[in-house]
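Descriptive structure summary
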Amino acid sequence: MSVTVVGSIAFDAVRTPFDERQRMLGGSAVHFALAASFFADVHVVGPVGDDFSQSEYEVLHARGVDTADIERVPGGRTFFWRGHYDYDLNVAHTDETQLNVFADFAPKLSPASRDCDVLFLANIQPDLQRSVRRQSNARFVAMDSMNLWIDTARDALRAAIAEVDCLLLNDAELRMLTGEPSLPRAAREVMRWGPSHVVAKQGEYGAALFAGDGFFALPAFPLETVLDPTGAGDSFAGGFLGYLAAHNAGSPSEDVLRRAMAYGTALASFNVEEFGTERMQRLSPDEITDRVAELRRMTTFVDVPVALRG
Ligand code: AMP
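Structural notes, computed from the coordinates. Each chain has its residues counted from 1, running along the sequence as written. Since the coordinates come from a predicted model, pLDDT governs what is reported: local features require at least 70, and pairs of side-chain atoms require 80 or more to be given and counted, while whole-chain, interface and lining totals use all residues. To get the side-chain values, take all heavy atoms of the structure and skip hydrogens and water.

1. Things to note about the overall build of the protein
We count a stretch as a helix when DSSP gives it H or I for four or more residues in a row; a strand needs E for two or more, and each element gets its number in order from the N terminus. Scanning the protein for helices and strands turns up 12 helices and 13 strands. Each radius of gyration is computed over the set of C-alpha atoms, and the globule rule expresses the reference value as 2.2 Å times the number of residues to the power 0.38. Computed over its C-alpha atoms, the radius of gyration of the protein comes to 19 Å, within 12% of the 19 Å expected for a compact globule of 310 residues. Referenced to the eigenvectors of the C-alpha coordinate spread, the extents of the protein come out at roughly 75 × 40 × 35 Å. Two residues form a contact once any of their heavy atoms are found within 4.5 Å. In the protein, once contacts between residues fewer than 6 apart in sequence are set aside, the share between residues at least 24 apart is 63%. Here the accessible surface of atoms and residues is derived via Shrake-Rupley with a 1.4 Å probe, and residues count as covered only by protein chains that are part of the display. For the protein, the exposed surface amounts to about 13700 Å²; the carbon and sulfur share of it is 50%. Here Asp and Glu are counted as negative and Lys and Arg as positive; His is not counted, and neither are the chain ends. Here the site of a charge means atom NZ of a Lys, CZ of an Arg, CG of an Asp or CD of a Glu. Put simply, the protein has 28 plus and 43 minus side-chain charges, and the middle of one group is 4 Å from the middle of the other.

Encoded structure:
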């Protein structure tokens, strides 16, 4: 069981209404890898600069993540993102993006990364996503993206989407991408382009899965304190796809997909409890199991027939 992820490996500067950090380990591939590492072997593909030190690698190694395909560019600087959140923590405001080493990155997968069960093309330039996709033998390929690429690289993004099994995107971005105000219609439209699965991420409201004619949704885990929502989508993807990698990734059944949604929801909820990767670094398997059980109790009910008045 193995998962390969390509995406940003970053230093993030983040301000929320509660606190801020100037330069912490982040990036879509990092958040994803830490979450997926609870389920499967994880290979990370992406470039970093000279400023990426041993202590950053250590965070990934501590969770057993394979960093052999992290390419160190001599003289280069690591991708940098600065963003902030106002009281609506569902909306990230980007203040600065420095692509740095990503500007000239040509991904090359090692045999181990190529032969994974599941491939995740985390948020990055869509042509880079396609180049990784073409090198992979994965049985299930999923991708994420963001408004930046919908605005600036729409054709490349459409081409990338056509080549994957699953698209995960924020609900607002799904509407923006398809021009469809109704979420079910937007998901069905994307499915006509190629993917058999679409996950609409809805921030604190949870996530919804469209697969074939089927539909399943879960609310986010109701946390009283959210310190930093950065990486929630990627840790959701890590839990969701990590679970799929561990359970017959090629053609997941509806039951497996539903459980994968629950694990994605649980992993995302831990990630946002603290800044950056702080909470994920000391997360334990038992905490995940307990949270999924609690989520199940919160979201099931027993239907008893009642006499309804006509
Ligand atoms: P999420 O909150 O799950 O959507 O992802 C947050 C992560 O995305 C942060 O750690 C950033 O480093 C990373 N990120 C922000 N903008 C970009 C971008 N344009 N390309 C790739 N990664 C990005």
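2. Some details on the nonpolar core
Here, nonpolar core means buried Ala, Val, Leu, Ile, Met, Phe, Trp, Tyr and Cys residues that are tied together by side-chain atoms lying within 4.5 Å of each other. The cut-offs for exposure are 20% and 50% of the maximum accessible area for each residue type, with area from a 1.4 Å probe on protein chains only; residues under the lower value are buried, those over the upper are exposed, and the others partly exposed. Among the nonpolar cores identified, the biggest contains 62 residues, and V5, V44, F120, L168, F240 and L241 are the most heavily contacted of them. If one sorts the elements of this core by residue count, helix α10 (residues 254–271) sits on top with 10 residues. F120 has contacts with T4, V5, V6, F32, A142, M143, D144, L168, A237 and L241, leaving out every residue within four places of it along the chain. Counting 40 residues, the second-largest nonpolar core is a separate cluster that includes V6, A138, A187 and A200.

3. Considerations on the packing of helix α4 (residues 126–135) against helix α6 (residues 154–162)
The angle between the axes and the distance between the axes are what describe a pair of packed helices. Interaxial angle, 0 to 180 degrees, is taken between N-to-C directions of lines fitted to C-alpha atoms, where a helix line uses only the stretch in contact. Where α4 meets α6, the axes come as close as 8 Å, and the angle between the chain directions of the two elements is 25 degrees. For the element pair α4 / α6, the angle class is roughly parallel. In the crossing of α4 with α6, the sense of the turn from one axis to the other is left-handed. For the pair α4 and α6, contact is made by P126, D127, Q129 and R130 and by A156, L157, A159 and A160, respectively. Here the residues of the contact of α4 with α6 are counted per class, giving five nonpolar, one polar and two charged. Here the angle decides the label: under 35 degrees means roughly parallel, over 145 means roughly antiparallel, 65 to 115 means roughly perpendicular, and every other value means oblique. Crossings are classed by handedness, with left-handed meaning an anticlockwise turn of the near helix from the far one by less than a right angle and right-handed meaning a clockwise turn. Here the term charged refers only to Asp, Glu, Lys and Arg, the term nonpolar to Ala, Val, Leu, Ile, Met, Phe, Trp, Tyr, Cys and Pro, and the term polar to all other amino acids, Gly among them.

4. Considerations on the sheet that holds strand β8 (residues 118–121)
Here, strands pair whenever DSSP counts at least two bridges between them. Here we have nine strands laid out as an open sheet, ordered β5-β4-β1-β8-β9-β10-β11-β12-β13, and mixed in their pairing. Every other strand in the sheet has two partners, leaving β5 (70–72) and β13 (214–218) as the edge strands with one partner each. Taken over all neighbouring pairs, the strand axes of this sheet differ in orientation by 15 degrees on average, direction set aside. Looking at chain direction, strand β10 (residues 166–170) and strand β11 (residues 197–201) are connected through five bridges and run parallel. Its bridge partner lying in β11, L169 is registered against A200. Helix α1 (residues 28–36) contacts β1 (2–6), β4 (41–48) and β8 of the sheet and is inclined by roughly 170 degrees relative to β1.

5. Looking at the layout of surface pockets
Here the idea is plain: a probe the size of a water molecule rolls over the atoms and shows the empty space left. Each cavity reported here is a set of points on a 1 Å grid over the protein atoms alone in which a 1.4 Å probe fits but cannot get out, each pocket an open set with protein on both sides within 12 Å along at least five of seven lines, and each lining residue one with an atom within 4 Å of a point. Grid points are joined across faces, edges and corners, and a volume is the space filled by probe spheres set on the points. A volume near 310 Å³ is recorded for the second largest pocket. As for the second largest pocket, its lining consists of F216, L218, D255, R258, R259, A262, Y263, V292, L295, R296, T299 and T300. Of all the secondary structure elements, the ones that give two or more residues to the lining of the second largest pocket are β13, α10 and α12 (285–299). Element by element, the count of residues in the lining of the second largest pocket is highest for α10, at five residues. Of the residues in the lining of the second largest pocket, the class split is six nonpolar, two polar and four charged.

6. Quick word on the site of the ligand
Looking at the ligand, there are 18 residues lining it, with S8, D12, G27, G231 and D234 nearest. Under the rule applied, a polar contact is a pair of N or O atoms within 3.5 Å (in protein, one hydrogen donor and one hydrogen acceptor; residues adjacent in sequence only if both atoms are side-chain atoms). Here an oxygen atom of the ligand sits 2.5 Å away from a polar atom, N or O, in the side chain of D12. At a separation of 2.7 Å, an oxygen atom of the ligand approaches a polar backbone atom of G231. A total of 510 Å² of accessible area belongs to the ligand in isolation, and the protein chains cover 87% of it. Those elements that provide at least two residues to the shell around the ligand are β2 (10–15), β6 (79–84), α5 (147–152) and α9 (232–246). The element that contributes the greatest number of residues to the shell around the ligand is α9, accounting for three residues. Of the residues that constitute the shell around the ligand, the class distribution is eight nonpolar, eight polar and two charged. Put simply, a residue is near a molecule or strand once any heavy atom of it comes within 4 Å of that molecule or strand.

7. Some thoughts on the environment of V5
Locating V5 in the fold gives a position in strand β1. With a relative accessible area of 0%, V5 lands in the buried category. Considered as a pair, V5 and F120 are 115 residues apart in the sequence and their alpha carbons are 4.7 Å apart. If we skip the residues at most four places from it in the chain, V5 touches A29, F32, A33, V42, H43, V44, V45, F120 and A122.

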